[in-house]
2 protein chains.
Amino acid sequence: MSKGPKGNAVVGQSGGPTAVINASLVGVIEEAKRHPEIKNLYGAIHAVAGIGKDHFIDLKKVSAAVLKAVAASPSAALGSSRDKPDPESCAQILDVFKKRDIRYFFYIGGNDSANTANILKTMADQAGYELHAFHVPKTIDNDLLVTDHCPGYGSAATFVALALIGDDLDNRALPGVKIDVIMGRNAGFLTAACALGRKRDDDGPHLLYFPERPISLDKFLADVDSVCKKLGRCVIAVSEGIRDSDGVFWAEKLAEGVETDAHGNIQLSGTGALADFLAGQVKDKLKINRVRADTFGYLQRSFPGTQSAVDVREARQCGKEAVKLAMKEDSGSVAIRRLHNKSKYAVELFRTELCNVAEKTRSMPAEFTNAEGNGVTDAFIEYASPLIGKLPKTEYLGSYPKV
Amino acid sequence: MSKGPKGNAVVGQSGGPTAVINASLVGVIEEAKRHPEIKNLYGAIHAVAGIGKDHFIDLKKVSAAVLKAVAASPSAALGSSRDKPDPESCAQILDVFKKRDIRYFFYIGGNDSANTANILKTMADQAGYELHAFHVPKTIDNDLLVTDHCPGYGSAATFVALALIGDDLDNRALPGVKIDVIMGRNAGFLTAACALGRKRDDDGPHLLYFPERPISLDKFLADVDSVCKKLGRCVIAVSEGIRDSDGVFWAEKLAEGVETDAHGNIQLSGTGALADFLAGQVKDKLKINRVRADTFGYLQRSFPGTQSAVDVREARQCGKEAVKLAMKEDSGSVAIRRLHNKSKYAVELFRTELCNVAEKTRSMPAEFTNAEGNGVTDAFIEYASPLIGKLPKTEYLGSYPKV
């Protein structure tokens, strides 16, 4: 392959922001500068929505100091979009690519984004237009196929682990039932991460519920009752995507006129309805006075200062890898492989086909949840612990010997 | 005053936990060890509830390493309580004090705690029992009288300032209306702190609403509409204690069968009802599609790792000061005075009477909110900025020049 300028490149950020999607962006920018095949590097403002409107910025002109701050900033510095381009807008995007001689397309996002990259690549092929289309994985849900884990997950997992450490201490101080609703539509990885900060035998969360393990209201209440009888309190982490024993989202059963996005996903976040419903049930059915519920909401993906160092590093590497791969391959999605032959945590990156990631979601493996479907196993703790940031040592004195 | 052992001391932590109430506890412990007048130092488990049940631990036996971790831990390490002791339980507490020869009582908490200390001191006086009763201030609401500000506020303010930095970046990436409901029943100090991270002209929160400034739904919607027309998005920080133009809590109007605590306070936290109501109104009345609402809930007071260094230092000093004062005075509450003759932020501590703090709440001064009642003034920013921790520098690229 020639080393002269071959064309221009576009990078975009799509779907829900994370704490490290900007680290991936900076990875793409840094690596792109090293390859003379890439003449101009354009940032697509608000992803495909911006490409269709020909709204780009020149990323090679952004200073090193600004890029450093970008890499440390949560959210998506280019702006994001949840638009799913229809055939018409895909054709429009391809026209923009042709007009601007764009030969490399880097799209940082989840499975919907991999799908968009795949559609554009297919259309370009059909039109006989040379395009290198690469997907850089990103999601706090950790629900992409092929990859061992997803950039964005480790930092969100750090946030919820920290939150539950504090929340459990709060619940020790003022005992009762505390319910925390955690993001994760189809996969319980983030909810499971709430358990990563547990140290003492009676540390919460004492119960965890996942989309993969449907649970009836009766079983939920029986679980809570049992923990309360044993400990006099109960901290619960519930995925926003929990399903009733008939497989239907609890949130869907509760909501009137639920909102769906362009990809047909029901809005589960940004509402406290599920948390309030569960709290009401515990109050009414178990006759427990002090019941509180919080829905952690967007803080989980956008709170600054809880980036996991491993997550930042890998997110950046994934961005770089996409550019490297694009120099010799037509398309693909970057994936992470964990190296189990190493004595300590190590990974390598590899390419997988866009179609292997596009539109598919991965569930938590069965061995990560306990038999009852209300907790995590050691296998999960071993899987997730290397991905998160440092957690603080805390102390509670209430169980010291009486005098 | 003699320097020999004079009796034993009790310290308790009351009301809602904070990020630094344990720093105050450690301050009390450290200072108590320096005074031979205090023979044993007992920690009351779950505050007055534990004293009544004679449930104490020996705080002089807790190792330095554990105390270090305690000071860095959120929540209340001794356990807390929201009980308001009635005359009967006050008599019971006094019996325990007499039985255990407790001559010093240190109570870390808000205005209800100052009141409890005051009641116990008065009863002791009436019984001719020598008791030194001191209140150490604590509240994330920052609503105690006399003191310039309250330990606990600076750290909670740091949390919400960080949260809004991230949330505003998130809202830039995926524009729409975002409503964040912030703790603060009667005082808007914490909601106001949401503005402390703003750097760019168009940074959110764009609108802030406080308990001190009643607002009608019509005015609220008109404000949101106006910001959306100008910026294409709107981030709003709303106090859980906002009131309608008739002075009634909005949350109270919405809730069916609201819960009250022993002090007669309505439960405003731990429910998403207000946030969901406001989001629904914006959606329906302004026909805006993407409206999200989060209720930050207990994360504001218990999230680990966002302690403000100034707040930790002052919380500890307040604990120490209470012990020092108790060596020469009968009772009091520790207060903070800001020294305005210094070129940089400095404070001194002083004693005020318990009755000056007990059962009273302070509102935000009028000069901290703007004329419209939907934002903060520079006077507030100057007041609050020295109290919080370091905020990160962030970057957003969406407004870079088009190419």
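For the structure itself, look to the data block above.
Just so it is clear, the structure is predicted and the values come from calculations on it, not from any experiment. (Residues numbered from 1 in each chain as written. Chains lettered and ligands numbered in written order. Predicted model: local features only at pLDDT ≥ 70, side-chain atom pairs only at ≥ 80, totals over all residues. Heavy atoms only, no water.)

S.K.: It is not clear to me how the overall build of chain A should be interpreted in this structure. Could you clarify?
M.R.: From N to C terminus, chain A includes 14 helices and 11 strands. Over its C-alpha trace chain A gives a radius of gyration of 22 Å, about what one expects of a compact globule, namely 22 Å for 403 residues. In chain A, which comprises 403 residues, the proportion classed as buried is 65%. Excluding contacts between residues fewer than 6 apart, the proportion of contacts in chain A whose partners are at least 24 apart in sequence is 77%. Here chain A has roughly 14,300 Å² of accessible surface; of this, 49% comes from carbon and sulfur atoms. Here chain A contributes 51 positive and 50 negative side-chain charges, whose respective centroids are spaced 6 Å apart. (Helix = DSSP H or I, 4+ residues; strand = E, 2+ residues; numbered from the N terminus. Rg over C-alpha atoms; globule rule 2.2 N^0.38 Å. Buried < 20%, exposed > 50% of the residue type's maximum accessible area, 1.4 Å probe, protein only. Contact = heavy atoms within 4.5 Å. Areas by Shrake-Rupley, 256 points an atom, 1.4 Å probe, with all protein chains shown as cover. Lys, Arg positive; Asp, Glu negative; His and termini not counted. Charge placed at Lys NZ, Arg CZ, Asp CG, Glu CD.)

S.K.: Could you clarify how one ought to interpret the nonpolar core in this entry?
M.R.: Burial of nonpolar side chains together is a common tendency in soluble globular proteins. By size, the foremost hydrophobic cluster in this structure holds 80 residues, and its most contacted members are Y153, F159, L190 and F380 of chain A together with Y153, L190 and F380 of chain B. For this core, the secondary structure elements donating two or more residues are α6 (153-173), α7 (189-193), β8 (234-239) and α14 (378-384) of chain A together with α6 (153-173), α7 (189-193), β8 (234-239) and α14 (378-384) of chain B. Residues contacting Y153 of chain A, with those up to four places away along its chain left out, are T139, I140, N142, F189, L190, A193, D311, F380, A384 and L387 of chain A. Counting 37 residues, the second largest nonpolar core, distinct from the first, contains A77, V136, V323 and I336 of chain A. (Core = buried A, V, L, I, M, F, W, Y, C linked by side-chain atoms within 4.5 Å.)

S.K.: Can you walk me through the sheet that holds strand β4 (residues 102-109) of chain A in this structure?
M.R.: Picture the strands of a sheet paired through backbone hydrogen bonds; they go either parallel or antiparallel. All names here are of chain A. Taken in spatial order, the seven strands make up an open sheet running β3-β2-β1-β4-β5-β10-β11, and their pairing is mixed. Of all strands in the sheet, those with a lone pairing partner are β3 (56-58) and β11 (347-352), marking the two edges. The mean inter-strand angle of the sheet, taken between neighbouring strand axes irrespective of direction, is 25°. With respect to the sheet, helix α1 (residues 21-33) is in contact with β1 (7-13), β2 (38-44), β4 and β5 (132-137), its orientation differing from that of β1 by roughly 170°. (Pairing = 2+ DSSP bridges. Axes fitted to C-alpha atoms, helices over the stretch in contact; angles between N-to-C directions.)

S.K.: Looking at this structure, how should I read the pairing of β8 of chain B?
M.R.: A regular strand carries its side chains on alternate faces of the sheet. Residues and elements named next belong to chain B. Of all six residues making up β8, six are buried, and the element is well covered by its neighbours. A two-sided burial pattern is seen for β8, the buried positions comprising C234, I236 and V238 on one face and V235, A237 and S239 on the other. In the sheet, strand β6 (residues 177-182) pairs with β8 via six bridges, with the strands oriented parallel. Bridging across to β8, I179 finds its partner in I236. In terms of strand pairing, strand β7 (residues 207-209) meets β8 through three bridges, oriented parallel. The residue bridging Y209 from the neighbouring strand is V238, located in β8. For the segment spanning β7, helix α8 (residues 217-231) and β8, crossover handedness is right-handed. (Right-handed = clockwise from strand over helix to strand, strands pointing away.)

S.K.: How do you make sense of the side chain of D168 of chain B when you look at a structure like this?
M.R.: Residue and element names in this part refer to chain B. The topology assignment puts D168 in helix α6. Its relative accessible area of 3% is what places D168 among the buried residues. A polar side-chain atom of D168 sits 2.9 Å from a polar atom in the side chain of R233. (Polar contact = N/O pair within 3.5 Å; in protein donor to acceptor, adjacent residues only side chain to side chain.)

S.K.: Would you explain the interface of chain A and chain B in this entry?
M.R.: By a widely used convention, the size of an interface equals the accessible area lost when the partners come together. Each side of the interface is counted separately: chain A has 75 residues, and chain B has 75 residues. Interface area for chain A against chain B, summed over the two sides, is near 5,700 Å², with a carbon-plus-sulfur share of 60%. Counting the contacts that link chain A with chain B gives two salt bridges. Across the salt bridge formed by R301 of chain B and D170 of chain A, the nearest N and O atoms sit 2.7 Å from each other. At the boundary of chain A with chain B, the tally comes to 28 residue pairs in polar contact (both at pLDDT 80 or more). (Buried area = accessible area lost by both parts, 1.4 Å probe. Salt bridge = Lys/Arg side-chain N within 4 Å of Asp/Glu carboxyl O.)

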